Amino acid sequence: MSHHWVEGNCSGKCSHCKKTLKHKTTLCGLTCCWCHRMLHNGCEAALSPECDFGELQVHIVPPTCIRPSTLKGDAQGGAAASSLAIPKHPNVMSEEGFRLQISTLPEHVRPMAVFVNPKSGGKQGAKVLRKLQYLLNPRQVFDLTKGGPVPGLQFIGSLPNSRVLCCGGDGTVGWILSALDGLQYETMPPVSVLPLGTGNDLARCLKWGGGYDGERLDKILQQMAEAETVQLDRWRIEVKNLPGVTEEGDRVPYNVMNNYFSIGVDASIAHKFHVMREKRPEKFNSRVRNKLWYFEIASHENFAASCKDLPDKLSVEVRAPCVHSCWKHSCLVYYSEVNLGN
């Protein structure tokens, strides 16, 4: 594939002659949309016309590998169209009124499906979404508010050696993992995390940090290409009424725990925060402000004591198979009463 040069006001140094790109009176410089190399207008002839997609080539799905897809029976009487049977998990998706399919990828490519939650961490996600669409192929970067994760996972997650990047908080990561469970792939793609949430406990456990603070995304993507894959313990949660209780409570939104779940005060605070953010998203525009909201809700909950009778209404049973001399499963349960320190 050839370079796709865009002429404009470039800043920095030329990738060929290493001299500064600037001009006092006119716009100058060329930038490739895919490898992001910058050149003087006169240096273009000295560079190979073939684009190698730059430092992020291992992640990028080449645009020449994405083609229109015809579903079986969609074409008019074409025998070739009838032979295009759709597999159980097709790598096709609806986009702008038509369907796409990824053909054979180069051997060195490990395609990455990127999912961004624009609401996480004070709406940092909107800026991250635009930057990742610039660094990678826009077709592999998905806004979770537009259709959820399933179309993107079917489009790229079903490919061999694919990887998933989740840009959001702990809830966003749980959403992605639950979607992968539903697709039932034989080989699950590894999932990395760019922490955009308020707490980001799972990202801390996996050493991705406590929150994204504007670091260079191209460097983070390069680190993800070299990251170690580790196993994550996940627990199934089943909620039952105690003997003699017939009243039905609220349905548990997810029945799988990824690294923690909360019962009582912690859960009440998180639920109230979520409801408020859905109603008034403009009030949750920064991570610091989100933490102040958590503090206000927690202070009110401490005086309201809505969970003071929790020990009389609840019992917790933990069952882990194949536990021998060492504890092979890790589980963190927050069981809080009135005292927020418990």
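Placed above this text is the structure.
Residues numbered from 1 in each chain as written. Predicted model: local features only at pLDDT ≥ 70, side-chain atom pairs only at ≥ 80, totals over all residues. Heavy atoms only, no water.

**Thoughts on the state of the cysteines**
Point 1. Applying the stated criterion across every chain, the model contains zero disulfides.
Point 2. Among the cysteines around Cys51, which has no disulfide bond, Cys32 carries the closest sulfur, lying 3.9 Å off. (Disulfide = S-S within 2.5 Å.)

**Concerning the pairing of strand β7 (residues 112-116)**
Point 1. The buried count for β7 comes to five of five residues, which makes it a mostly enclosed element.
Point 2. The two faces of β7 match: Met112, Val114 and Val116 on one face and Ala113 and Phe115 on the other face are all buried.
Point 3. The sheet contact formed by β7 and strand β9 (residues 163-168) spans five bridges and is parallel. Across the sheet, the residue bridging to Ala113 is Val164, located in β9.
Point 4. Inspection of the sheet shows β7 paired to strand β8 (residues 141-143) by three bridges, in the parallel sense. Opposite Phe115, over in β8, you have Phe142 as the bridge partner. (Buried < 20%, exposed > 50% of the residue type's maximum accessible area, 1.4 Å probe, protein only. Helix = DSSP H or I, 4+ residues; strand = E, 2+ residues; numbered from the N terminus. Pairing = 2+ DSSP bridges.)

**Focus on the environment of Lys18**
Point 1. For Lys18, the location among the structural elements is in the loop between β1 (5-7) and β2 (30-32).
Point 2. Within the local environment of Lys18, its side chain forms a polar contact with the backbone oxygen of Ser15, the two atoms lying 3.2 Å apart. (Polar contact = N/O pair within 3.5 Å; in protein donor to acceptor, adjacent residues only side chain to side chain.)

**A short note on the sheet that holds β2**
Point 1. What the three strands build is an open sheet, ordered β1-β2-β3; its pairing is antiparallel. With one partner strand each, in any of the chains shown, β1 and β3 (38-39) form the two edges of the open sheet.
Point 2. In the sheet, β1 pairs with β2 via three bridges, with the strands oriented antiparallel. Bridged to Trp5 within β2 is Cys32.

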